Amino acid sequence: MAEHESPEFGKADFVLLDNVSMEEFMANLKLRFEKGRIYSYIGEVVVSVNPYRAMNIYGRDTVEQYKGRELYERPPHLFAIADAAYKAMKRRNKDTCIVISGESGAGKTEASKYIMQYIAAITNPSQRAEVERVKNMLLKSNCVLEAFGNAKTNRNDNSSRFGKYMDINFDFKGDPIGGHINNYLLEKSRVIFQQPGERSFHSFYQLLRGAPDSLLRSLHIKKDPTAFSYIKVGGQIKSSINDGAEFKAVADAMKVIGFTADEVQTVYKILATILHLGNLTFGVDGDVTLIENRKLVSVIRELLSTGEENVEKALLYRTVSTGRDVIEKQHTTQEASYGRDALAKAMYERLFCWIVGRINDVIEVKNYDARVHGKNTVIGVLDIYGFEIFQNNSFEQFCINYCNEKLQQLFIQLVLKQEQEEYQREGIPWKHIDYFNNQIIVDLVEQQHKGIFSVLDEACMNVGKVTDELFLQGLNSKLAKHAHYTSRKLSPADKSLEFDRDFRIRHYAGVVVYSVVGFIDKNKDTLFQDFKRLLYNSSNQVLKKMWPEGKLSITEVTKRPLTAATLFKNSMISLVENLASKEPYYVRCIKPNDVKSPLLFEEERSRHQVEYLGLLENVRVRRAGYAYRQTYPRFLQRYKMISQFTWPNHDLPSDKEAVKKLLEGCGFGQDTAYGKTKVFIRTPRTLFSLEEQRADMVQRIVLFLQKVWRGALARMRYRRMKAALVILRAYRRYKVKSYIREVNRRFKNVASMKDYGRHVKWPTPPKVLRKFEEALRSIHSRWWAWTLIKRLSPEEALQVRAKVATLEALKGHRADMGLLRAWEGNYLKRDNPDRASAFSLVASELQRKDKFMRVLFSCNVRKINHFHKVEDRAVLITDRHLYKMDPQKHFLAMKSIPLYNVTGVSVSPGKDQLVVFHTKDSKDLVVCLQGMVPAHDSRIGELVGTLLSHFKSEKRRLQVNVASPIQCSLHGRKSTVIVEPKINQSQPDFIKSRSGYILAVPGN
Ligand SMILES: Nc1ncnc2c1ncn2[C@@H]1O[C@H](COP(=O)(O)OP(=O)(O)OP(=O)(O)O)[C@@H](O)[C@H]1O
Ligand SMILES: [Mg+2]
């Protein structure tokens, strides 16, 4: 059953009609046709209505839609059935065939081409060159076969005048690896004669209208078809076919297929010969038969590459062997004309068969070894001439219509058989359905002894005069009682039948009156041996090969050849056998009108076809009992949402039980049967109801699924986010832990290290711990400092404090601070060892007098006096005073400045030892430390630090300036002191300058 089509297009499957009646069937067919839905199903049979317009439904997109899909998954289409056949072939290793039937012009050939295109489009995904070649050949062969085998008839502009059954072979991968074409009975009488309004085979018109002038000249033919009596009738007809363009397309296709240039030339020569033959006329001179237009004989001779005399002789005489003698018997003009026409027909037929043979040579499966490549499977496509009724129906129509009877019989058998077998297989009781079985007509034609073909063959074998009338008499006597046969003799009142000429058969598809004229000749299909020998003896090798039997000598006795009817009957029987051995798929084509209109749906005409194709019976059979069947799992898959027991999954012992529960739950228990693997539903209404319920549920399910899915998505996102956070946290913890562990590892033993871990490198902290690291470092630094400090003696502690003070005050301002040595402070004793006792005396005297606690600093200095003179002195700084002493006078204290008077000190940025003590009373003291041991010792840093540290301990402020020049105030007068390096200066010394003093220091 096909879905996915809106109800406005009617029922996609006729099985789903509410009532199986002709009215409903036709209404649905018409509705679908008018809505542009040319395909419908009856179960698995495709019903196709010729749209008579280009439909945009065969493109790549559509192929993709159908590829690999089940029949019911998409709207009805040829592609669906092609895919079903292909799938059966590929999945189940079954040989399949697609039988396309319908009357002339119903669209069989078009359908067969679309099917082949589809198969070509879905195969060979790996683009194997050999497979591409085969596909190309298969598609191209259509063009050539249509040129030579199709013609415009009154029913169809491109009517197939031969039957074609094409096998496509596939390898185990499902790719086409070759093929084979069987052709059936070409309507060769068309070569010499066409009904009014019809044409001969396309090939003739293509040659005349499309061949280049040079080619036409070499063939001695003119462009005008009316110049040739064989095709004159059709030559005047305007056709929708573009012969000129087709000529080129066919020439290209022949080239692609592999026809050699010689072969193509021979094809053209044969066509031209036939055209010339048609123009040959015979006359008599006395009792001699002669050719009236002998010029043509030379042309024919040239085209056939034979001797000129041979041509003439073959046309005018017949060689007869009487057993002992060989004699030449002259034709009458009538016999000569008959021979000429027979030659033309036979040459064309041979040509056609040879072309098919050449195509087969090229496409046949090569190098295939089943043991290596697996089973070689086949899809057959049958496109045969459709049932036809003309004004004048002859032997060909009889054969064609018989062929359609055979195929209808096959259809009836297979469709019924399949259905029956299915019910048996599934264990469902089957009730016989009445339908018209056309076996009776098949028998009428082909039965031994009594059948029409037998009567015809018998008539042909009669000795003496054999006429068509005799044949008709034979029919009348043998078939008088047959319900489907009649003639004027049997129904004298029927004026539509001519005495001694017509007989009528009630075919399954309609009543056809045949004229017996020509039956005998066509059945005998005689071609004089002389022609065969003539063509065999041609020096054109291609032509010679088409006529191997010309090799026989005249005296050789040959068996009587089988008649055309017998050959045809045999070929049909073997065709049907072949088809029956395969899994069949059917396309039933319907022709909606006789005027090729895309709009017109002629009810009467279409109903007639529906009737004779047995489509209604087909629907009935299909529905006999059950309109719908499906395997249990598939049924559940589609409808499980309807029942709470089956949605989303059932817990019953089997799918069968689940389906039963579902259907009974819906109240459809009466309308169903349960086979072994499939459920059967009797009325379409039940199925519709199921479909409706399903559609209803699907909406809810969609909403539900959306809801669930949205929830699932959100939950998924949330979980992912959470996981990310957990990972993040864990990672951070890990980084922090590893950092702390590393810090711990590196600093664990710092207490026992010599430098208390001063050299230990800090690991790089993770970003979050940068602040932490700063704190840690500062903790460590504090610990480290504390550890150092706590080991110091009180003196050392003082020294350290002083050094720290120096560092704070001078770091970055002064080049030299003297930090790296021990600070002794009281240097006068050490620097003046010879006067040490004197100094000690003075110092203790001063201590007693001034009650100082400790000496902060002492050193020899050079200073400037009131008179701008330089004097060498010493300074002693205690915690209370700064004393100026004269070392020359036993360190007599010259002057003392109470320390609380000192407000600041200024030093220079350089390495010199200049220092200015600023006092509250603006009597600054400018000195340069000197006489130091070791020489060049640097004590400014120590002096500044010691003072600062002392002031700090007394909570006083000491201003420290680092500057050059240094501003100072000497006895109330502003003055500047500049340090200047001077070459040749051995000792630092003060020199008076305009604004104050220069301390000249040794420079370089
Ligand atoms: N699917 C289609 N789409 C468009 N046009 C179509 C289609 N099928 C058939 N036709 C038209 O109908 C014409 C006749 O179709 P086609 O030749 O296939 O008929 P047929 O059944 O093979 O007849 P015959 O028995 O005479 O060979 C085509 O030439 C084409 O114009
Ligand atoms: Mg056709």
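In short, a report on the structure. The shown structure was predicted, so the numbers you read here are calculated from the model rather than taken from an experiment. Sequence order sets the numbering: in each chain, residues are counted from 1 along the sequence as written. Key to labels: chains lettered from A, ligands numbered from 1, both in the order written. Where totals are concerned, whole chains, interfaces and linings use all residues; where local detail is concerned, this predicted model gives features only for residues with pLDDT of at least 70, and gives and counts side-chain atom pairs only at 80 or more. Heavy atoms throughout the structure, all of them, feed into the side-chain values; hydrogens and water do not.

A word on unusual backbone geometry. Of note, the bond from W647 into P648 is cis; its omega dihedral lies within 30 degrees of zero at -5°. Structurally, P648 is set in the loop between α25 (632-639) and α26 (655-665). Across the junction of V933 and P934, the peptide omega takes the value -10°, indicating a cis bond. Within the chain, H936 stands out as a residue other than glycine whose phi angle is a positive 60°. By the element assignment, H936 lies in the loop between β26 (925-929) and α32 (940-953). Residue class for H936 comes out exposed when judged on its relative accessible area of 81%. Only DSSP runs of H or I reaching four residues or more are called helices, and only runs of E reaching two or more are called strands; each is numbered from the N terminus. The classification of residues rests on relative accessible area computed with a 1.4 Å probe and restricted to protein chains. Under 20% of the type maximum is buried, over 50% is exposed, and intermediate values are partly exposed.

This next bit is on a positive patch on the surface. Without a salt bridge and with relative accessible area above 30%, a residue can belong to a patch; like charges are then joined within 9 Å and nonpolar side chains (Val, Leu, Ile, Met, Phe, Trp, Tyr) within 5 Å. Here the Shrake-Rupley method, with its probe set to 1.4 Å, supplies the accessible areas, and only the displayed protein chains count as covering residues. The working definition used for a salt bridge is a side-chain nitrogen of Lys or Arg within 4 Å of a carboxyl oxygen of Asp or Glu. Positive residues here are Lys and Arg, negative ones are Asp and Glu, while His and the chain termini are left out of the count. Every charge is mapped to an atom, namely NZ of Lys, CZ of Arg, CG of Asp or CD of Glu. On the surface, a cluster of positive charge is made up of R729, R732, R733, K737 and R741. R732 sits in the partly exposed class, given a relative accessible area of 45%.

Next up on the list: the pairing of strand β7 (residues 176-184). Here, strands pair whenever DSSP counts at least two bridges between them. Pairing of strand β6 (residues 163-170) with β7 involves 8 bridges; the strand directions are antiparallel. Residue N169 lies in a different strand from β7, and its bridge partner there is G178. In this structure, the hairpin formed by β6 and β7 is closed by a connection of 5 residues, where G174 is found at a positive phi of approximately 90°.

Below, the discussion takes up the site of ligand 1. To be near a molecule or strand, a residue needs just one of its heavy atoms within 4 Å of it. The full set close to ligand 1 counts 20 residues, and S104, K108, T109, S159 and S160 are the nearest of them. Between a nitrogen atom of ligand 1 and a side-chain N or O atom of Y58, the distance comes to 3.0 Å. N or O atoms within 3.5 Å of each other form a polar contact, as long as, within protein, one can give a hydrogen and the other can take it, and as long as residues adjacent in sequence are counted only when both atoms are side-chain atoms. Between T109 and ligand 1, the recorded distance is 2.7 Å, taken from a side-chain N or O atom to an oxygen atom. Protein chains bury 87% of the 630 Å² of accessible surface belonging to ligand 1 in isolation. Within the residue set of the shell around ligand 1, elements represented by two or more residues are α4 (108-122) and β5 (159-160). Ranked by the residues each element gives to the shell around ligand 1, the list is headed by α4, at 4 residues. Any residue outside Ala, Val, Leu, Ile, Met, Phe, Trp, Tyr, Cys, Pro, Asp, Glu, Lys and Arg is labelled polar, Gly included; the first ten of those are nonpolar and the last four are charged. Tallied by class, the residues present in the shell around ligand 1 amount to 6 nonpolar, 10 polar and 4 charged.

Moving on: the sheet that holds strand β19 (residues 678-681). Strand order in the open sheet formed by 3 strands is β17-β19-β18, and the pairing between neighbours is antiparallel. Each having just a single partner strand, β17 (628-631) and β18 (672-674) make up the two edges of the open sheet. Averaged over all pairs of adjacent strands, the angle between their axes in this sheet comes to 20°, without regard to strand direction. Examined bridge by bridge, β18 and β19 share 3 bridges and lie antiparallel to one another. By the bridge assignment, A673 is partnered in β19 with F680. Note on geometry: axes are lines fitted to C-alpha atoms, helical ones only across the stretch in contact, with angles between N-to-C directions running from 0 to 180 degrees.

This part covers the packing of aromatic side chains. Any Phe, Tyr or Trp ring, taking Trp's six-membered ring, that has another such ring centre within 6.5 Å forms a pair; planes under 30 degrees apart are called stacked, those over 60 apart edge-to-face, and the others tilted. Within this structure, the stated rule accounts for 37 aromatic pairs. With a centroid separation of 5.8 Å and 45° between ring planes, the pair formed by F387 and Y612 is classed as tilted. Taken together, the residues F387 in the loop between β12 (377-383) and α15 (395-426) and Y612 in helix α23 (residues 603-612) connect sequence positions 225 residues apart. Residue Y612 is classed as buried on the basis of its relative accessible area of 5%.

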